[in-house]
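Each chain is listed here by its residues.
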Amino acid sequence: MTQIPMGAVPKKDNEKLKVLKKPNKNVFLQMKKNYSAYLFLLPKLILFVLFVAIPVIWAFVLSFQEYKIFGSEFVGLDNYIKVFQSEAFLVALKNTLLFTVVTVPFSVLSALVIASMIFVLGKVSQSFFRSAFYLPTVTSMVIIAMVWRWMYNYEFGLFNYILGWFGIEQINWLGQSSSALWALIIMQCLIPFGVGIIMYLASMGSISHSLYEAARMDGASSFKQWLHITIPLLKPTTLYLVLLSTIGSFQVFTQIIMMTGGGPGNATETLVHLIYKTGFRDFEFGLAAAQSVVLFVIILIFSIIQFRVLRHDE
Amino acid sequence: MKNVLKKSVLTLASLGLAASVLAGCNGDAEEAGNADEFKGKITIWDGPRWPDKDDNKYHWLEAKIKEYEEAHDGVEVELVQVPWAEMGDKLGVAIAGKSWPDIAPVDISGSSVSIDHIEQGVIEPLDAYFDKDAKADFYENALDAYTYDGKMYGIPNAITLHSMLLNLDLFEEAGVTPPEGGEWTYDEFLDAAKKLTFDRDGDGKTDVYGFSTYVLPGYYESWPFFYKNGGSPLNEDMTEFTFDDPETVQAIQDLADLKLKENAAPETLGGNDVGGTFQAWANEEQRTVAMQPWATWAIGAAQGKYPTNFAVANYPTGKSDKPVTIGGVGGWVMFHQDEDANKKAAVADFMKFISTDKEQFVMAQNYGIFPARISASEMDPFKDNPEMTRAMEMSDQVVMLPRHPEWQKIDEAIQTQLQLVFNGEKTAEEAMADAKKTVDELLK
């Protein structure tokens with residue numbers, strides 16, 4: 001087996017790269033040449049077009065219409081104007097932002113800390129904790145929400161039971177405007193970010209040991225090694241996880257519908273729950289589509305900001 | 001031989017239907033079509049009803065389908081089983097995608113199908129298939145619930161209402177006498193609720209509360225309390241929000257004060273936990289609440305799965321001196337059909353086939369609902385069921401909710417504010433003043 005020095009590219013591959021950099025003018029000819037690759041991609045592409053691309057485009061078109069079962073009407077920007085004039089949308093946006101701003105840093109940071117603690121363990125322990133922390137990711141959020149609903153139960157819930165040990169009065173966690181959203185935030189924070197832990201562990205494994213050896217020789221403590229080697233080198237993973245969890249937090253829905261229904265009042269109303277209600281309860285699909293497009297733009301803006309702030313400096 | 005006889009009877013029934021169709025359609029025979037000429041598939045959605053010995057909760061409709069298919073060569077009826085909790089969402093998606101079934105059990109003022117859908121032509125009118133005499137067999141309020149703009153948009157199948165359910169064991173334990181004949185004033189109710197709130201084991205904590213219910217959009221268990229002084233959410237012509245009138249505000253505050261001032265209701269009063277609330281009343285291991293208002297299905301549950309020693313009572317009366325309850329009407333609707341008049345007639349034929357007085361009688365006996373047909377009620381389905389009989393006596397107290405195209409949004413605006421009254425964040429006056437701002441916008 002030929003050893004390839006790091007950073008070097010085999011001659012043949014180098015030529016291929018040049019071809020990629022300067023695409024052949026005849027795209028179809030190239031596609032024909034690589035038809036087997038396209039054939040492998042085709043099933044996924046068809047599914048993507050059918051179930052993602054077309055619905056997304058249709059939602060955008062729908063956002064300029066007043067949806068009616070038999071013949072929708074074009075209404076221009078009316079739906080978008082309604083979105084920004086709606087108090088319910090602004091409340092939902094505020095709640096969603098608070099949820100995101102608190103849960104995303106906590107989830108990513110806790111994933112980093114947990115992964116760092118697991119990484120130093122032996123193989124068997126690592127496998128055990130890796131599986132244990134990933135378990136909530138493969139568990140239905142409906143089930144998790146039901147369990148947490150019980151834990152927050154005023155009379156029989158775990159939290160009020162524990163508070164009782166210290167003589168603290170019971171809290172109506174999900175029944176008071178002041179505590180309901182925070183109860184959902186606490187729940188989100190305490191559910192291990194399984195994907196994050198697994199990805200951090202994989203990324204940590206790819207950091208060269210020589211860097212740590214050099215740091216140790218310079219007398220750096222374990223914490224300093226973590227702070228100045230591990231964290232900076234995990235930056236691309238962190239960026240990806242922050243983006244992933246931000247998108248997930250903006251789309252929080254299952255917990256809301258299972259635990260509070262957006263109440264009490266509108267204390268836990270979030271954007272996706274509002275979109276769901278607008279579409280499937282009020283049947284205002286045009287308005288719901290406009291709300292979705294606005295949510296898409298908000299997520300896009302946040303993603304661009306995060307990408308610029310956290311991107312890996314070459 | 002038996003099958004042949006059954007087939008003949010059904011054929012005769014169909015001929016009778018055809019005749020009544022012709023009689024009822026006032027010469028509009030083309031629109032009514034001929035059910036006997038239809039060959040093809042009819043799709044019906046239904047939710048689980050009462051179980052048979054194999055715990056099959058769709059056995060009633062499956063048997064009716066079999067019977068109908070045997071009598072109508074070339075007609076296939078497909079049953080799609082949909083859990084009730086998913087019915088609204090599934091119908092909503094089906095309507096949005098124009099992939100609706102031919103028939104579904106729908107309350108047209110409910111969450112999945114609204115007046116707006118009728119205006120858009122999603123629901124077919126059935127007047128061509130019902131003459132005046134056929135309509136006369138339905139209770140007026142049941143028929144009204146499926147009538148819009150003078151046309152009949154469904155076959156009423158069942159009437160439901162809400163009633164107060166009293167746990168008689170807890171009444172006895174607290175030494176409280178249940179209201180005589182189930183009739184009482186709000187003061188008597190309040191007095192009972194206070195006495196029924198007690199510390200059973202002397203540990204200083206309340207073990208049993210007098211009353212509880214929940215407040216949630218789409219649920220109206222607590223609402224008859226708000227009507228007790230004669231109030232209603234909208235004025236008669238539905239142009240103005242009226243739940244903010246002082247009498248109604250007082251009625252709302254009275255019920256919230258049951259928890260906030262009188263401590264006769266648990267902290268969860270006015271919350272959103274429907275299942276938890278019911279368990280607190282019915283579950284043998286809990287029984288922490290003595291009185292709760294429920295729709296009639298709960299009577300069946302308390303007689304079956306959660307055996308409870310209970311009585312049915314009216315909602316307490318207020319300044320209006322009249323007991324009030326909120327009712328609902330369930331039934332079958334036909335979704336928009338393309339131009340095939342014969343299919344339309346066949347769908348209507350099948351709808352009538354499953355809505356006869358006999359079927360409504362069977363459903364009343366087994367499923368805890370009141371028949372929408374007068375003839376079915378006259379068969380006395382509850383002669384061995386005093387609780388259901390008592391609840392049925394409340395039929396004349398029923399007030400229907402306003403049938404406004406924006407009702408779901410209006411309901412949410414009111415209920416979300418009510419939640420804040422019950423958790424003590426707003427007074428009833430403040431909450432209804434805030435609800436008014438939203439509702440009046442919707443009424444414009």
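Residues numbered from 1 in each chain as written. Chains lettered and ligands numbered in written order. Predicted model: local features only at pLDDT ≥ 70, side-chain atom pairs only at ≥ 80, totals over all residues. Heavy atoms only, no water.

- For chain B, the name recorded in an unreviewed UniProt entry is ABC transporter substrate-binding protein, with Paenisporosarcina quisquiliarum as its organism.
- According to UniProt, the comment filed for chain B under the heading Sequence similarities (unreviewed entry) is "Belongs to the bacterial solute-binding protein 1 family." (UniProt positions renumbered as here; feature names shortened; annotations may be inferred.)

- For chain A, the name recorded in an unreviewed UniProt entry is Sugar ABC transporter permease, with Paenisporosarcina quisquiliarum as its organism.
- Recorded in UniProt for chain A, the comment headed Subcellular location (unreviewed entry) runs: "Cell membrane".
- What the UniProt record of chain A gives under Sequence similarities (unreviewed entry) is the line "Belongs to the binding-protein-dependent transport system permease family."

1. Brief notes about the overall build of chain B
Then step 1. When its secondary structure is counted, chain B shows 19 helices and 12 strands.
Then step 2. Rg of the C-alpha trace for chain B: 23 Å, near the compact-globule value of 22 Å for 444 residues, within the 12% margin.
Then step 3. Dimensions of chain B, computed from the C-alpha atoms along their principal axes, are close to 75 × 50 × 35 Å.
Then step 4. When each of the 444 residues of chain B is scored for burial, the buried share is 55%.
Then step 5. Within chain B, counting contacts between residues at least 6 apart in sequence, those at least 24 apart form 71% of the total.
Then step 6. Carbon together with sulfur atoms contributes 49% to the accessible area of chain B, which is approximately 19000 Å² in total. (Helix = DSSP H or I, 4+ residues; strand = E, 2+ residues; numbered from the N terminus. Rg over C-alpha atoms; globule rule 2.2 N^0.38 Å. Buried < 20%, exposed > 50% of the residue type's maximum accessible area, 1.4 Å probe, protein only. Contact = heavy atoms within 4.5 Å. Areas by Shrake-Rupley, 256 points an atom, 1.4 Å probe, with all protein chains shown as cover.)

2. Looking at the overall build of chain A
Then step 1. Secondary structure assignment for chain A yields 16 helices and two strands.
Then step 2. For chain A, whose C-alpha radius of gyration is 25 Å, the value lies well above the compact-globule estimate of 20 Å for 314 residues.
Then step 3. A principal-axis box enclosing the C-alpha atoms of chain A has dimensions of 65 × 60 × 30 Å.
Then step 4. Relative to its full complement of 314 residues, chain A shows a buried share of 37%.
Then step 5. For chain A, the accessible surface area stands at approximately 19400 Å², while carbon and sulfur atoms represent 70% of it.
Then step 6. Computed over 23 positive and 15 negative side-chain charges, the separation of the two mean positions in chain A equals 16 Å. (Lys, Arg positive; Asp, Glu negative; His and termini not counted. Charge placed at Lys NZ, Arg CZ, Asp CG, Glu CD.)

3. Considering the pattern of salt bridges
Then step 1. All told, the structure shown has 30 salt bridges over all chains when counted by the stated rule.
Then step 2. The shortest N-O distance in the salt bridge between Lys228 of chain B and Asp254 of chain B comes to 2.9 Å. With Lys228 of chain B in the loop between helix H10 (223–226) and helix H11 (246–260) and Asp254 of chain B in helix H11, the pair connects residues that are 26 residues apart, well separated along the chain.
Then step 3. Overall, Lys228 of chain B belongs to the buried group, its relative accessible area being 4%.
Then step 4. Relative accessible area serves as the criterion here: at 19%, Asp254 of chain B is assigned to the buried category.
Then step 5. We note a salt bridge from Glu359 of chain B to Lys358 of chain B, for which the minimum N-O separation is 3.7 Å.
Then step 6. On the basis of relative accessible area, Glu359 of chain B is assigned to the buried category, the value being 4%.
Then step 7. Residues participating in the shared-partner salt-bridge network are Glu269, Lys277, Arg281 and Asp282 of chain A together with Glu412 of chain B. (Salt bridge = Lys/Arg side-chain N within 4 Å of Asp/Glu carboxyl O.)

4. A word on the confidence of the model for chain B
Should the pLDDT be low somewhere, the predicted coordinates at that spot are not to be read in detail.
Then step 1. Averaged over all residues, the pLDDT of chain B is 88; the fraction at 70 or higher stands at 92%.
Then step 2. Note on residues 1–30 of chain B: pLDDT is under 50 here. Beyond four places in sequence and across chains, it has 27 contacts. (pLDDT = per-residue confidence, 0-100.)

5. Remarks on the UniProt feature "domain: ABC transmembrane type-1" (unreviewed entry) in chain A
Then step 1. The UniProt record marks residues 93–306 of chain A with the feature "domain: ABC transmembrane type-1" (unreviewed entry), using the residue numbering of this structure.
Then step 2. Between the C-alpha atoms that bound residues 93–306 of chain A there is a distance of 19 Å. The span itself is 77% helix and 0% strand.

6. Some thoughts on the packing of helix H3 (residues 35–62) of chain A against helix H16 (residues 285–310) of chain A
All names here are of chain A.
Then step 1. Where H3 meets H16, the closest approach of the two axes is 7 Å, and the angle between their N-to-C directions is 115°. Between H3 and H16, the interaxial angle falls into the category roughly perpendicular. For the pair H3 and H16, the sense of crossing is left-handed. Residues Ala59, Phe60 and Leu62 of H3 pack against Phe285, Gly286, Ala289 and Val293 of H16. (Axes fitted to C-alpha atoms, helices over the stretch in contact; angles between N-to-C directions. Parallel < 35°, antiparallel > 145°, perpendicular 65-115°, else oblique. Left-handed = near helix turned anticlockwise from the far one by under 90°.)

7. Some details on helix H7 (residues 141–151) of chain A
All names here are of chain A.
Then step 1. Inspection of H7 places Ile144, Ala145, Trp148 and Met151 among the buried residues, and these make up the whole buried set. Each buried residue of H7 lies within a common arc of 115° when the element is viewed along its axis, so the set occupies one face.
Then step 2. Considering only its buried residues, H7 is in contact with helix H6 (123–138), helix H8 (158–165), helix H9 (177–190) and helix H14 (254–259). (Arc of directions from axis to C-beta.)

8. Concerning the interface of chain A and chain B
Then step 1. With 28 residues of chain A at the interface, the matching set in chain B holds 29 residues.
Then step 2. Interface of chain A and chain B: buried area, both sides summed, is about 2400 Å²; carbon and sulfur atoms make up 48% of it.
Then step 3. Looking at the side of chain A facing chain B, the largest losses of area belong to Ile69, Phe70 and Phe283 of chain A, adding up to 26% of the total buried there.
Then step 4. At the boundary of chain A and chain B, one finds four salt bridges.
Then step 5. A salt bridge links Lys277 of chain A to Glu412 of chain B; the nearest nitrogen and oxygen atoms lie 2.2 Å apart.
Then step 6. Our count for the contact surface shared by chain A and chain B stands at 14 residue pairs in polar contact (both at pLDDT 80 or more).
Then step 7. Among the elements that line the side of chain A that touches chain B, the one with the most residues is helix H15 (residues 271–281) of chain A, at four residues.
Then step 8. Considered class by class, the residues forming the side of chain A that touches chain B number 11 nonpolar, nine polar and eight charged. (Buried area = accessible area lost by both parts, 1.4 Å probe. Polar contact = N/O pair within 3.5 Å; in protein donor to acceptor, adjacent residues only side chain to side chain. Nonpolar A, V, L, I, M, F, W, Y, C, P; charged D, E, K, R; others polar.)

9. A closer look at the environment of Ala290 of chain A
All names here are of chain A.
Then step 1. In this fold, Ala290 is placed in helix H16.
Then step 2. Sequence-wise, Ala290 and Ile275 are 15 residues apart; in three dimensions their C-alpha atoms are separated by 9.1 Å.
Then step 3. When residues no more than four places from it in sequence are discounted, the contact partners of Ala290 are Ser63, Asn79, Tyr80 and Val83.

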